[in-house]
Amino acid sequence: MKHLIAGASVLALTTGLTAGAAVAGGVERSTQSTAILFETGDYVELTFGSVSPDVSGVQQVPLTTPAGNSSGDMAGDYMTWSMGVKTDLGDRFAFALVIDQPIGADVDYPDDTGYSYGGSTATLDSDALTAMLRWKATPAFSVIGGIRAIQTEGEVSLFNGYEMSVDKETDWGYLLGVAWEKPEIAARVSLTYNSAVDHDFSADESALVEVAPGVIVPVSQQNDFSTTIPQSLNLEFQTGIMADTLLFGSIRWVDWSEFVIAPPLYVAGAQDNLVDYNGDTITYTLGLGRRFNETWSGAVTASYEDAVGGYSGNLGPTDGATALGVAATYTRGPVEITGGARYIWLGDTETEAPLPYPGGTTFGEFEDNEGVAFGLRVAYSF
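What comes next concerns the included structure. Remember, it's a predicted structure, so these values are computed and weren't measured experimentally.

Attention now moves to a nonpolar patch on the surface. Together, Leu 89, Phe 93, Leu 133, Trp 135, Phe 141, Val 143, Val 178, Leu 191 and Leu 233 line one region of the surface with nonpolar side chains, adding up to about 690 Å² of accessible area. Those elements that provide at least two residues to the nonpolar patch are strand S6 (121-136) and strand S7 (141-157). Position of Leu 191 among the secondary structure elements: in strand S9 (residues 187-194).

Turning to the pairing of strand S1 (residues 43-54), a few remarks are in order. Residues Tyr 43, Glu 45, Thr 47, Gly 49, Val 51 and Pro 53 of S1 are buried on one face, while the alternating residues Val 44, Leu 46, Phe 48, Ser 50, Ser 52 and Asp 54, pointing to the opposite face, are not. As judged from the nine bridges shared by S1 and strand S3 (residues 78-89), these two strands associate in the antiparallel manner. Across the sheet, Phe 48 pairs through a bridge with Trp 81, a residue of S3. Summarising the sheet, S1 and strand S20 (residues 369-381) pair through twelve bridges and their orientation is antiparallel. In the sheet register, Thr 47 faces S20, and the bridge partner there is Arg 377.

Now for the sheet that holds strand S19 (residues 362-366). Spatially, S2-S19-S18 is the arrangement adopted by the three strands of the open sheet, whose pairing is antiparallel. Lying at the two open borders of the sheet, with one neighbouring strand each, are strand S2 (57-59) and strand S18 (349-352). Taken pair by pair, the neighbouring strands of this sheet meet at an average axis angle of 25 degrees, ignoring direction. Here S18 runs beside S19; their pairing, made up of four bridges, is antiparallel. Note on S19: the bridge partner recorded for Glu 350 is Glu 365.

Moving on to the environment of Gly 320. As for its position among the elements, Gly 320 is in the loop between strand S15 (296-305) and strand S16 (321-332). Separated by 13 residues in the primary sequence, Gly 320 and Ala 307 place their C-alpha atoms 4.1 Å from one another.

Okay, the nonpolar core next. Of all hydrophobic cores here, the largest spans 45 residues; its most connected members are Met 164 and Leu 274. In terms of residue count, the dominant contributor to this core is strand S10 (residues 197-212) (four residues). In contact with Leu 274, not counting residues within four places along its chain, are Val 156, Leu 158, Met 164, Ile 261, Pro 263, Tyr 266 and Leu 315. Ile 36, Leu 37, Ile 144 and Ala 379 belong to the second-largest nonpolar core, a separate cluster that totals twelve residues.

The next point concerns the pairing of strand S5 (residues 105-108). What you see with S5 is a clean split: Ala 105 and Val 107 sit on the buried side and Asp 106 and Asp 108 on the side with no burial. Direction of pairing for S5 relative to S6: antiparallel, over a ladder of four bridges. Residue pairing across strands places Val 107 opposite Ala 122, the latter belonging to S6.

Scanning all chains against the criterion turns up eight salt bridges. Residue Glu 181 is joined to Arg 134 by a salt bridge in which the shortest nitrogen-to-oxygen separation is 2.2 Å. Of this pair, Glu 181 sits in strand S8 (residues 163-182) while Arg 134 sits in strand S6; the two residues are 47 residues apart in sequence, bridging distant segments of the chain. Note that Arg 291 is salt-bridged to Glu 294, the shortest N-O span being 4.0 Å. Judged by relative accessible area, which is 57%, Glu 294 ranks as exposed.

Below, the discussion takes up empty space enclosed by the protein. Applying the stated criterion across every chain yields a total of three cavities of 30 Å³ or more. The computed volume of the second largest cavity comes to approximately 70 Å³. Taken together, Glu 28, Gln 32, Pro 102, Ile 103, Ile 229, Pro 230, Ser 232, Arg 252, Val 254 and Trp 256 make up the full set of residues lining the second largest cavity. Class assignment for the residues of the lining of the second largest cavity results in six nonpolar, two polar and two charged.

This part covers a negative patch on the surface. Among the surface-exposed residues, Asp 54, Asp 73, Asp 77, Asp 108, Asp 111, Asp 112, Asp 348, Glu 350, Glu 367, Asp 368 and Glu 370 lie close enough to one another that they form a single negatively charged patch. In this structure, Asp 112 sits in the loop between S5 and S6. A relative accessible area of 67% means that Asp 112 is categorised as exposed.

Attention now goes to the environment of Asp 319. For Asp 319, the location among the structural elements is in the loop between S15 and S16. For the pair Asp 319 and Phe 366, spaced 47 residues apart in sequence, the C-alpha separation works out to 9.6 Å. If we skip the residues at most four places from it in the chain, Asp 319 touches Ala 307, Val 308, Gly 309, Ser 312, Gly 347, Asp 348 and Thr 349. At 2.8 Å, the side chain of Asp 319 and the backbone nitrogen of Gly 309 are in polar contact.

Calculation rules
Residues numbered from 1 in each chain as written. Predicted model: local features only at pLDDT ≥ 70, side-chain atom pairs only at ≥ 80, totals over all residues. Heavy atoms only, no water. Patch = residues over 30% accessible without salt bridge, like charges linked within 9 Å, V, L, I, M, F, W, Y side chains within 5 Å. Areas by Shrake-Rupley, 256 points an atom, 1.4 Å probe, with all protein chains shown as cover. Salt bridge = Lys/Arg side-chain N within 4 Å of Asp/Glu carboxyl O. Helix = DSSP H or I, 4+ residues; strand = E, 2+ residues; numbered from the N terminus. Buried < 20%, exposed > 50% of the residue type's maximum accessible area, 1.4 Å probe, protein only. Pairing = 2+ DSSP bridges. Axes fitted to C-alpha atoms, helices over the stretch in contact; angles between N-to-C directions. Core = buried A, V, L, I, M, F, W, Y, C linked by side-chain atoms within 4.5 Å. Contact = heavy atoms within 4.5 Å. 1 Å grid on protein atoms, 1.4 Å probe; cavity = no way out; pocket = protein on both sides within 12 Å on 5 of 7 lines; lining within 4 Å. Points joined across faces, edges and corners; volume = space filled by probe spheres on them. Nonpolar A, V, L, I, M, F, W, Y, C, P; charged D, E, K, R; others polar. Lys, Arg positive; Asp, Glu negative; His and termini not counted. Charge placed at Lys NZ, Arg CZ, Asp CG, Glu CD. Polar contact = N/O pair within 3.5 Å; in protein donor to acceptor, adjacent residues only side chain to side chain.

Right under this line is the structure:
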């Protein structure tokens, strides 16, 4: 049943429609799976993804422009990739290196729609290198540990003249996990904890500040602030349910309430954080894989993430999601090629109006949004 899992893993790639098109909560673009450690023998994989969200809303109150204007599609398309290498170190140890992009954002409000946030843009980019070791304590029980280095950078430019950029910052985290397996029925359950990673950024900020009634001057500052890439917990499972048929899934909790971007100059002017989230997310995924013959197998998945509630940020106006996915794997000797696709229904939400409106005033209503994601993975066992 080995190559049934290929459909599951390539679908995991396409679960990220983030920062304005969230599918896995927050700004997440990878799920930090440890599944590569359970591949047979020496193994390498390369995965690519393409994500096309469509997110728009309608302005409810006047700001720089009248109410009633549509924002247009403000969630930019993006590409993502990952690479993993795994090798056995004797009979009881397996080692893997994974390069991926754990978080990201691409926000681009069109500037010709009449929406007050028109012309606002934001990008967030990251790269991570994770080293993992699995110790097979008994034939059924394994212990997993590892370290992760994450490098992150970003910039923001808003309609009101505020701009901010941060240089690349690299910091470290760790992971710990346990796993149980029964190969005779292709059964495995693994639980992995990924620690938080704290970044201390130096930001270049600029804004138009009213220093006296009717007197507005440009202000530039270099300020320091901290952001936490949140901790998470992954429960992954699979089992054979009949000949050549596999049931698999996952439950993933991420502590997104700890993720805050609060540059000092922005906070002083807006009296609010630039980015924060109202609560944590739990994402449920369930899939079914089937091997048709020695060459072809396929998989289908469904995933669900409940809405957190409350207002969403104007740089990330979705809340919760439901998705369906399909994948097919072609196997020839040691080579596996898997293609997958997901269609995502993005949860409705409202955004809060900035100053001078009082807290609790709805600014934008974002409804009936969606996204499509595609993934391709090439794997080689040797």
